[in-house]
Amino acid sequence: MSYAASADHHEPRSFWTRYVWSQDHKVIAIQYTVTAIAVGLVGLVLSNLMRLQLGFPGAFDFIDPSSYYQYVTMHGMIMVIYLLTALFLGGFGNYLIPLMVGARDMVFPYLNMLSYWVYLLAVIVLLASFFVPGGPTGAGWTLYPPQAILPGTPGTDGGIVLMLTSLVIFIVAATMGGLNYVTTVLQARTRGMTLLRMPLTVWGIFTASILALLAFPALLVSGVMMLFDKLLGTSFFMPAIVSMGQPLEHAGGSPVLFQHLFWFFGHPEVYIVALPAFGIISDLISTHARKNIFGYRMMVWAIVAIGALSFVVWAHHMYVSGMNPYFGYFFATTTLIIAVPTAIKVYNWVLTLWRGDIHLTVPMLFAIGFISTFVIGGLTGLFLGNVSVDIPLSDTYFVVAHFHMVMGVSPILAIFGGLYHWYPKVTGRMLDETLGKLHFWVTFLGTYAIYFPMHYLGFLGMPRRYYAWEGYEFIPASAQDMNAFITVAALTVGVFQLVFLWNLVWSIRHGKPAGANPWGATSLEWQTPDTPPVHGNWGASLPVVYRWAYDYSVPGAARDFIPQNVPQDGDTPVADQPVWEGHA
Amino acid sequence: MSLLSALTAKPWLPEPPPALASGPATPAARVALRVLLAVIATLFGLFLLAFLIRAQLPDWQALGGAPGRPLANLAPLWANTALLLASSLAQQAASAAAQRDDAARLRRALALGALFTLAFLFGQGWVWWRFIEMGHFVASNPAASFFYLLTGVHGLHLAGGLVAWGRVFARAARGVAPQRLRLAVDLCARYWHFLFAVWLVLFALLASPPQTLRVLAEICGIR
């Protein structure tokens with residue numbers, strides 16, 4: 001059967017099968033990305049509402065303590081799970097893995113489609129909690145029992161149940177996606193694509209998918225057991241407790257057990273969003289500095305090592321839970337060890353830039369911005385990783401500043417960089433560069449304006465999660481000026497994201513035509529016969545890979561990049577590729 | 001190529017052009033099932049860790065052991081274990097029949113596998129009903145809560161397996177040649193063996209007297 005005939009047979013024809021119930025990894029990637037950005041905008045608005053209260057306390061009647069806690073909780077959960085995790089794995093993973101390893105599609109396209117629709121269901125259930133009596137949960141994104149399910153915390157009627165249900169649904173979706181990503185990387189690489197010829201983006205997403213597969217079960221276990229405690233009256237996590245003057249039926253449960261389970265998921269989750277960012281940044285820097293990535297093998301090993309270590313550091317989130325000092329010592333040590341492979345990555349990025357032919361394109365600006373914010377956030381992580389330093393800083397704005405720099409802003413900068421970089425492949429048109437630079441500078445400088453002062457507020461002892469600070473003698477009045485300043489910066493950054501959205505929409509029709517390979521990149525996704533790639537990606541025959549993904553500025557070469565599918569000198573090209581039979 | 005040599009390759013050095021893959025590659029579905037089983041093993045492992053930790057707290061009343069406890073008589077659970085073992089063996093027989101291209105035997109073995117699985121699920125339901133009759137509700141005691149939770153999650157995984165089984169059985173009933181079903185039937189069998197092994201671990205821990213759980217917790221460093 002010829003390719004054309006099989007493509008006719010298998011290619012979706014109607015609008016519905018092509019764009020809605022699509023099994024094409026590229027369409028699913030766009031669905032994931034658009035949904036994640038949409039729900040991320042909700043998270044952004046919530047953060048700005050929080051800042052309104054913190055910067056101008058009491059000026060807005062509709063923000064009472066309950067709604068403030070609900071904003072805090074929903075902002076955190078949306079950003080970590082429904083935006084970052086979904087966008088990196090479901091968005092970038094779906095689009096890039098098959099194209100970068102030279103596959104026609106994911107190995108299980110139907111499962112892939114199902115993964116998106118289940119994810120969308122999780123988002124809908126989550127957002128539905130805004131409309132139930134009592135509103136969404138206000139338990140904080142960590143959802144610690146017993147307060148998460150007891151009266152006094154906002155949203156303990158329907159909100160917490162919907163939150164936990166939505167997380168369980170999300171985990172089902174993430175598992176279906178993760179199975180696909182891992183198996184595709186292992187089994188569907190094209191001829192010549194050895195593991196160590198894969199671009200680092202694939203390595204980052206691949207390792208993060210494995211982490212997600214093994215870490216999300218911990219969240220599932222804690223979520224299901226908390227649902228039992230809430231709905232069926234069991235006492236897995238609930239101790240004997242008097243609530244509102246009434247002794248409750250619960251007795252004997254262990255809230256700290258929940259914390260262990262939650263953070264056994266929660267810490268790998270940090271790397272689930274960091275590793276894809278590491279991979280994307282590596283490829284952006286190498287491509288836009290026209291230089292091979294410094295220490296490629298070390299970069300791969302560092303990704304794998306960070307992935308493994310991420311499972312043995314979780315209790316550094318729990319130093320104040322009253323643990324055995326030796327236990328804390330162990331986790332402080334593992335936490336500091338994980339800084340070694342991470343630092344190797346940062347050095348290698350900087351060494352890749354060194355004497356490179358640096359093009360300050362918009363993706364490159366975001367990549368360099370990422371290195372800056374990631375180093376700042378990483379260094380404060382070393383402070384907080386030490387038990388003795390962490391205890392006075394625990395639950396202050398120093399922690400807020402730390403994790404926003406390292407796992408909030410940094411991955412978001414990587415996402416922006418990635419979107420500016422791959423948008424031309426997805427749509428065939430460039431994003432507007434002037435708007436892009438405006439977006440970058442406001443976002444990047446705004447980040448520092450927002451989070452740098454928070455480190456000082458944390459040193460003052462300003463506690464996080466508080467609705468207001470009246471009557472705290474140790475906080476000087478000038479701290480309020482700082483808070484007002486942060487709020488203005490946050491609102492500015494928030495509004496300027498509209499520039500980005502406008503750019504995304506406007507450029508689909510009006511952007512400069514991009515051509516197949518506008519950045520002169522080597523990896524396979526830029527070598528497709530069509531831009532945007534059509535169903536099946538590669539036309540009649542699969543590409544053959546003859547070299548790694550980083551042949552930039554090779555001495556003696558005609559151009560400053562050699563794509564992966566160009567034979568080495570003296571090689572005869574391989575011709576007989578199997579014909580595509582379409583999806584099973 | 002071993003994983004180690006794959007991870008220590010020097011991709012920047014020129015290599016001869018890649019040869020065509022020699023021999024058939026492992027089917028993607030087989031790899032995916034291994035990954036899925038690792039995920040499910042992690043899930044049950046974490047449930048059981050939570051079980052062990054919770055079992056060390058003072059209000060724990062073990063299910064097994066002394067007379068009068070809900071699991072003092074293990075006969076019903078042993079009977080269920082035998083049913084699940086039978087279903088696992090039937091799935092294995094189905095896999096063997098598919099290897100030998102024996103369509104009739106394949107259909108019979110598949111049907112038996114599902115029958116025994118349903119019998120196991122009904123048996124578990126019966127044990128639940130006995131628990132309720134004896135006044136051990138889901139919130140009565142943490143050990144009882146874990147019994148309902150763990151058997152429930154295990155049953156759900158079997159039910160999920162039955163969905164996959166249903167697709168295979170429908171194809172077999174339509175007369176699809178057994179050799180085209182080999183992979184799917186074999187993967188079903190592996191999934192059943194795995195869930196049987198999980199059940200053995202669950203059974204052993206749920207029925208353990210408190211002393212055993214204490215020793216296990218000490219080995220795990222929880223106590």
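Residues numbered from 1 in each chain as written. Chains lettered and ligands numbered in written order. Predicted model: local features only at pLDDT ≥ 70, side-chain atom pairs only at ≥ 80, totals over all residues.

> Looking at this structure, how should I read the overall build of chain B?
Scanning chain B from N- to C-terminus turns up 7 helices and 0 strands. Walking chain B from its N terminus toward its C terminus, one meets helices and strands in the order α-α-α-α-α-α-α. With the C-alpha coordinates of chain B rotated into their principal frame, the extents come out at 70 × 50 × 20 Å. For chain B, long-range pairs separated by at least 24 residues make up 77% of all intrachain contacts whose partners lie at least 6 apart in sequence. (Helix = DSSP H or I, 4+ residues; strand = E, 2+ residues; numbered from the N terminus. Contact = placed C-beta atoms within 7 Å.)

> Looking at this structure, I do not really get helix α3 (residues 25–55) of chain A. What am I missing?
With 31 residues, α3(A) should reach 45 Å at 1.5 Å per residue; the first-to-last C-alpha distance of 44 Å fits that figure. Here α3(A) lies mainly inside the structure; 23 of its 31 residues are buried. (Expected span 1.5 Å × (residues − 1). Buried ≥ 20, exposed ≤ 12 C-beta atoms within 10 Å, placed from the backbone.)

> Looking at this model, I keep getting lost on the interface of chain B and chain A. Mind explaining?
When the parts come together, some accessible area is lost, and that loss is often what is quoted as the size of the interface. The interface of chain B with chain A comprises 31 residues on the first partner and 43 residues on the second. Elements supplying a minimum of two residues to the side of chain B that touches chain A: α1 (3–7), α2 (28–55) and α5 (142–173) of chain B. Within the side of chain B that touches chain A, the residues separate by chemical class into 26 nonpolar, 3 polar and 2 charged. (Nonpolar A, V, L, I, M, F, W, Y, C, P; charged D, E, K, R; others polar.)

> Would you mind going over the nonpolar core with me for this structure?
In a soluble, globular protein the nonpolar side chains are often hidden away together inside. If you look at the biggest cluster of nonpolar residues, it comprises 237 residues, and the most contacted ones within it are A:Val202, A:Val221 and A:Ile281. If one sorts the elements of this core by residue count, helix α4 (residues 65–101) of chain A sits on top with 24 residues. A:Val221 has contacts with A:Leu261, B:Leu43, B:Leu46, B:Phe47 and B:Ala50, leaving out every residue within four places of it along the chain. (Core = buried A, V, L, I, M, F, W, Y, C linked by C-beta atoms within 7 Å.)

> Would you mind going over the domain arrangement of chain B with me for this structure?
All names here are of chain B. What the domain assignment reports for chain B is domain 1 (42–57 + 209–223) and domain 2 (71–207). With centres defined by C-alpha atoms, the gap from domain 1 to domain 2 works out at 25 Å. Taken together, the residues that form the side of domain 1 that touches domain 2 break down as 4 nonpolar, no polar and 1 charged. (Domains from an automatic or database assignment.)

> I tried to follow unusual backbone geometry on my own but got confused; where do I start?
Excluding glycine, residues mostly have negative phi values, and the peptide bonds linking residues are mostly trans. Residues and elements named next belong to chain A. For the bond running from Pro 145 to Pro 146, omega is 0°, close enough to zero to count as cis. The amide bond that connects Thr 531 to the next residue, Pro 532, takes the cis arrangement and shows omega of -10°. In this structure, Pro 532 sits in the segment after α15 (478–510). Of note in this structure, Met 244 is not a glycine but carries a positive phi near 55°. Inspection of the secondary structure assignment puts Met 244 in the loop between β1 (242–243) and β2 (246–247). Judged by C-beta crowding, with 8 C-beta atoms within 10 Å, Met 244 ranks as exposed. For Arg 355, which is not glycine, the phi dihedral falls at a positive 60°. Looking at the element boundaries, Arg 355 is found in the loop between α10 (325–353) and α11 (362–385). Its 9 C-beta neighbours within 10 Å are what place Arg 355 among the exposed residues.

> Before we go on, may I ask you to explain the environment of A:Asn324 in this structure?
Here A:Asn324 is to be found in the loop between α9 (296–309) and α10. Between the alpha carbons of A:Asn324 and A:Ala86 there is a distance of 36 Å; along the sequence they are 238 residues apart.

> When you look at helix α8 (residues 255–288) of chain A in this model, what are you seeing that I'm missing?
Because the α-helix completes a turn every 3.6 residues, residues three or four places apart line up on one side. The terminal C-alpha atoms of α8(A), which comprises 34 residues, lie 49 Å apart, in line with the 50 Å expected from a rise of 1.5 Å per residue. Taking burial as the measure, the 34 residues of α8(A) include 31 buried ones, the bulk of the element.

> Which parts of the structure should I look at to understand the packing of helix α3 (residues 75–99) of chain B against helix α4 (residues 103–133) of chain B?
A pair of packed helices is characterised by two quantities: the angle between their axes and the separation of those axes. All names here are of chain B. It is at 8 Å that the axes of α3 and α4 come closest, and there the two elements cross at 160°. In terms of axis orientation, α3 runs roughly antiparallel to α4. As for how α3 packs across α4, the hand of that crossing is left-handed. Partitioned by chemical class, the residues of the contact of α3 with α4 number 20 nonpolar, 7 polar and 1 charged. (Axes fitted to C-alpha atoms, helices over the stretch in contact; angles between N-to-C directions. Parallel < 35°, antiparallel > 145°, perpendicular 65-115°, else oblique. Left-handed = near helix turned anticlockwise from the far one by under 90°.)

> Looking at this model, I keep getting lost on the confidence of the model for chain B. Mind explaining?
Note: predicted coordinates in regions of low pLDDT should not be interpreted at a detailed level. For chain B, mean pLDDT is 93; residues scoring 70 or higher make up 97% of the total. Per the prediction output, this complex has pTM 0.95; the corresponding ipTM is 0.95. (pLDDT = per-residue confidence, 0-100.)

> What exactly am I supposed to notice about the confidence of the model for chain A here?
Per-residue pLDDT for chain A has a mean of 93; in total, 95% of the residues score no lower than 70. Here residues 1–9 of chain A is a poorly scored stretch, pLDDT under 50, and it has 13 contacts once near neighbours within four places are set aside; other chains count.

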